[in-house]
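A closer look at the structure
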Amino acid sequence: MTFATFLSSLIPSASCDAPEEKEEKVEADAEEPEEKEAEGEEEEEEEEEPEDQMVGLREACQQSGSCVKFTEHFAHCQEKVEAGEGFKGEDCVEEMFHMMHCVDNCVAPKLFAKLR
């Protein structure tokens, strides 16, 4: 008795046989109507989904008087880092947080007024 034979007697193994393909075809046929129904439901959901108003409000607030300085500072930082002029490992996370904080404070009252 070889070592491989000994291990195969202890550990069960599975193999793929041709008759199992017939069973898979039967299962696939049974699933097709469900898939068609699911696709129909997804299409209905996509049609009913309203447009996100927050995207437009954020863009408007980024260009507003109170947030434009943070937006410009963030853009300048990105240009500097992408050009390799910043110090090693520099990123613009702090500038992004300052800009997003200002934008979120600007967007919140306008967005909730539209949602009511």
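Residues numbered from 1 in each chain as written. Predicted model: local features only at pLDDT ≥ 70, side-chain atom pairs only at ≥ 80, totals over all residues. Heavy atoms only, no water.

Describing the overall build of the chain
Basically, it comes down to this: In this description a helix means any DSSP run of H or I spanning at least four residues, a strand means any run of E spanning at least two, and both kinds are numbered starting from the N terminus. Categorising residues by exposure relies on relative accessible area from a 1.4 Å probe, with only protein chains included: less than 20% of the type maximum marks a residue as buried, more than 50% marks it as exposed, and the intermediate range marks it as partly exposed. The contact criterion used throughout is that any non-hydrogen atoms of two residues lie within 4.5 Å.
The helix and strand inventory of the chain stands at five helices and zero strands. Start at the N end of the chain and walk to the C end: the helices and strands fall as α-α-α-α-α. Here the chain holds 116 residues, and the buried ones make up 15% of them. Of the contacts made within the chain by residues no fewer than 6 positions apart, 61% connect residues no fewer than 24 positions apart.

A word on the environment of Arg58
Rules: Throughout this description, a polar contact denotes any pair of N or O atoms lying within 3.5 Å of each other; where both atoms belong to protein, one of them has to be capable of donating a hydrogen while the other can accept it, and for residues adjacent in sequence the pair is counted only when both atoms sit in side chains.
Within the element layout of this structure, Arg58 appears in helix α3 (residues 53-62). Since its relative accessible area comes to 28%, Arg58 is described here as partly exposed. A distance of 3.1 Å separates a polar atom in the side chain of Arg58 from a polar atom in the side chain of Asp104.

Looking at the state of the cysteines
For clarity, the cut-off: In this description, a disulfide is simply a cysteine sulfur pair whose atoms lie within 2.5 Å.
Counted under the stated rule, the structure contains three disulfides. Covalent S-S linkage joins Cys61 and Cys106, the inter-sulfur distance amounting to 2.2 Å. Across the S-S bond linking Cys61 and Cys106, the dihedral sits near -70 degrees, which makes this disulfide left-handed. Remark: Cys106 occurs in helix α5 (residues 93-115) and Cys61 occurs in helix α3; sequence separation between them is 45 residues. For Cys61, a relative accessible area of 0% puts it in the buried group. The buried category is assigned to Cys106, whose relative accessible area is 16%. Between the sulfur of Cys77 and that of Cys92 lies a disulfide, 2.1 Å long from S to S. Every disulfide takes its handedness from the sign of the S-S torsion; for Cys77 and Cys92 that torsion is -95 degrees, giving left-handed. Separated by 15 residues along the polypeptide, Cys77 in helix α4 (residues 68-82) and Cys92 in the loop between α4 and α5 bring together distant segments of the chain. Comparing Cys77 with Cys92 shows no difference in burial state: the two are buried.

Topic: α5
Note the cut-off: A residue's bend is simply the angle between two axes: one fitted to the seven residues ending at it, one to the seven starting at it.
Where α5 bends most, the angle comes to about 35 degrees, and this point is Val107, followed within four residues by the proline Pro109. Residues Glu95, Met99, Met100, Cys102, Val103, Cys106, Val107 and Leu111 constitute the buried set of α5. Packing partners of the buried residues in α5 comprise α3 and α4.

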